[in-house]
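# What the coordinates show
Here's the letter readout for the chains.
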Amino acid sequence: MDALVRTGRVRSREGTRQAEKSDHTRRQILDAAIECLAVRGFNSTTMTVIAKTAGLSRGAMQYHFETMTDVLRATLAYIQQIRLTLLRKSATRPGNDAVEERFAIRIERMWRFLFEPVSIAFFEIAVASRTDPSLAALMEQAHQSFWDEWVAAALASFPEWEGRQADLELACGLAQTLLEGLVAQELTHRSSAVGAEKLKAYLVDCVREIFDRGQAEQPAPRSAETAA
């Protein structure tokens with residue numbers, strides 16, 4: 001999705017300088033929307049609050065976005081681009097560490113990533129989209145593209161999963177579900193009774209089990225004599 005998807009009024013532009021100024025103002029608004037969603041939450045984020053946070057008048061903001069729905073649609077697209085970029089950057093080249101240690105590092109990075117302001121803002125819009133059909137369709141696309149990138153980043157960090165797509169997706173799905181669930185609990189002030197650290201350690205064990213089981217099921221390479 002385009003970070004500056006045009007959901008507001010379509011206006012003619014005169015010259016590059018005016019276009020750059022307009023894009024800069026739109027980014028101000030979208031950055032302010034992310035801040036408001038992450039700090040205040042969805043219900044307390046309004047056009048007036050976003051405009052104030054962006055340092056703009058309500059009228060100046062409505063020049064670019066007529067309604068709150070316009071703001072949310074553009075903000076979701078903007079957030080998605082940022083999140084996908086951050087997710088790609090989180091992929092690491094495999095080092096000399098043991099696989100289990102790399103699993104633990106990867107899971108901890110994803111845990112921190114899910115507490116980034118853009119991820120919290122995404123969570124706020126995701127909850128709102130449950131009862132908003134116009135946002136629901138966009139959110140479905142956002143979830144799919146994020147999932148695709150999540151799996152791709154995992155494969156880049158763990159080439160050992162090459163050729164084992166089902167196992168890779170099982171491990172990624174387990175990690176995403178557990179981590180996002182834990183983050184949701186933290187954000188709603190309902191910490192897990194077991195404790196996030198213990199559950200993350202258990203997640204590492206589960207991912208390792210999926211990995212080891214798949215390794216054991218892989219056909220052994222044939223020797224030269226067997227092949228002959």
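Computed from a predicted model, the values in this text were never measured in an experiment.

Pairing between side chains becomes possible if they bear opposite charge and their charged atoms approach one another. Following the criterion strictly, the structure yields seven salt bridges and no others. Of the charged contacts in the structure, one is a salt bridge between Arg208 and Glu100, with a shortest N-O distance of 3.8 Å. Of this pair, Arg208 sits in helix 9 (residues 196-217) while Glu100 sits in helix 5 (residues 99-113), placing them 108 residues apart in sequence. Between Lys200 and Glu108 there is a salt bridge, and its shortest N-O distance comes to 3.0 Å. Taken together, the positions of Lys200 in helix 9 and Glu108 in helix 5 put the pair 92 residues apart, joining distant regions of the chain. For Lys200, a relative accessible area of 4% gives the class buried. Of the residues examined, Glu108 reaches a relative accessible area of 28% and is grouped as partly exposed. Bridged by salt links that share partners, the residues Glu100, Arg208 and Asp212 form one connected network.

Glancing now at the nonpolar core. The biggest cluster of nonpolar side chains holds 30 residues, and the ones touching the most others in it are Phe103, Trp150, Trp161, Cys172, Leu179 and Val207. Secondary-structure elements contributing two or more residues to this core are helix 4 (68-90), helix 5, helix 7 (133-157), helix 8 (165-187) and helix 9. Contacts of Cys172, omitting those with residues within four sequence positions, involve Trp147, Trp150, Val151 and Ala154. The next biggest cluster of nonpolar side chains, apart from the first, holds 28 residues, and it includes Cys36, Leu37, Phe122 and Leu138.

What the rule picks out here adds up to seven aromatic pairs. An angle of 75° between the planes, with centres 5.9 Å apart, marks the rings of Phe103 and Phe211 as edge-to-face. With Phe103 in helix 5 and Phe211 in helix 9, this pair connects stretches of sequence that are 108 residues apart. There is no split in this pair, since Phe103 and Phe211 are both buried. Aromatic side chains Trp111 and Phe115 sit 5.0 Å apart centroid to centroid with 75° between the ring planes, which places their arrangement in the edge-to-face category. By relative accessible area, which is 29% here, Phe115 ends up partly exposed.

Of all residues in the protein chain, 86% have pLDDT values of 70 or greater, and the mean over the chain is 84. Confidence, expressed as mean pLDDT per element, reaches its minimum in the protein chain at helix 10 (residues 224-227) with 48 and its maximum at helix 2 (residues 47-54) with 95. Note that residues 1-13 has pLDDT below 50 and, in this model, 38 contacts with residues that lie over four places away or in other chains.

Let us look at the packing of helix 5 against helix 7. A packed helix pair is summarised by two numbers, namely the angle formed by the two axes and the spacing between the axes. Packing of helix 5 against helix 7 brings their axes to within 11 Å, and their N-to-C directions diverge by 150°. The orientation of helix 5 with respect to helix 7, classified from their angle, is roughly antiparallel. By crossing handedness, the relation of helix 5 to helix 7 is classed as right-handed. Note on element contacts: helix 7 touches helix 5 through Phe146, Trp150, Ala153, Ala154 and Ser157, opposite Arg102, Arg106, Met110 and Phe113. Across the contact of helix 5 with helix 7, the residue classes tally to six nonpolar, one polar and two charged.

The rules behind the values
- Residues numbered from 1 in each chain as written.
- Predicted model: local features only at pLDDT ≥ 70, side-chain atom pairs only at ≥ 80, totals over all residues.
- Heavy atoms only, no water.
- Salt bridge = Lys/Arg side-chain N within 4 Å of Asp/Glu carboxyl O.
- Helix = DSSP H or I, 4+ residues; strand = E, 2+ residues; numbered from the N terminus.
- Buried < 20%, exposed > 50% of the residue type's maximum accessible area, 1.4 Å probe, protein only.
- Core = buried A, V, L, I, M, F, W, Y, C linked by side-chain atoms within 4.5 Å.
- Contact = heavy atoms within 4.5 Å.
- Phe/Tyr/Trp six-rings, centres within 6.5 Å; stacked < 30°, edge-to-face > 60°.
- pLDDT = per-residue confidence, 0-100.
- Axes fitted to C-alpha atoms, helices over the stretch in contact; angles between N-to-C directions.
- Parallel < 35°, antiparallel > 145°, perpendicular 65-115°, else oblique.
- Left-handed = near helix turned anticlockwise from the far one by under 90°.
- Nonpolar A, V, L, I, M, F, W, Y, C, P; charged D, E, K, R; others polar.

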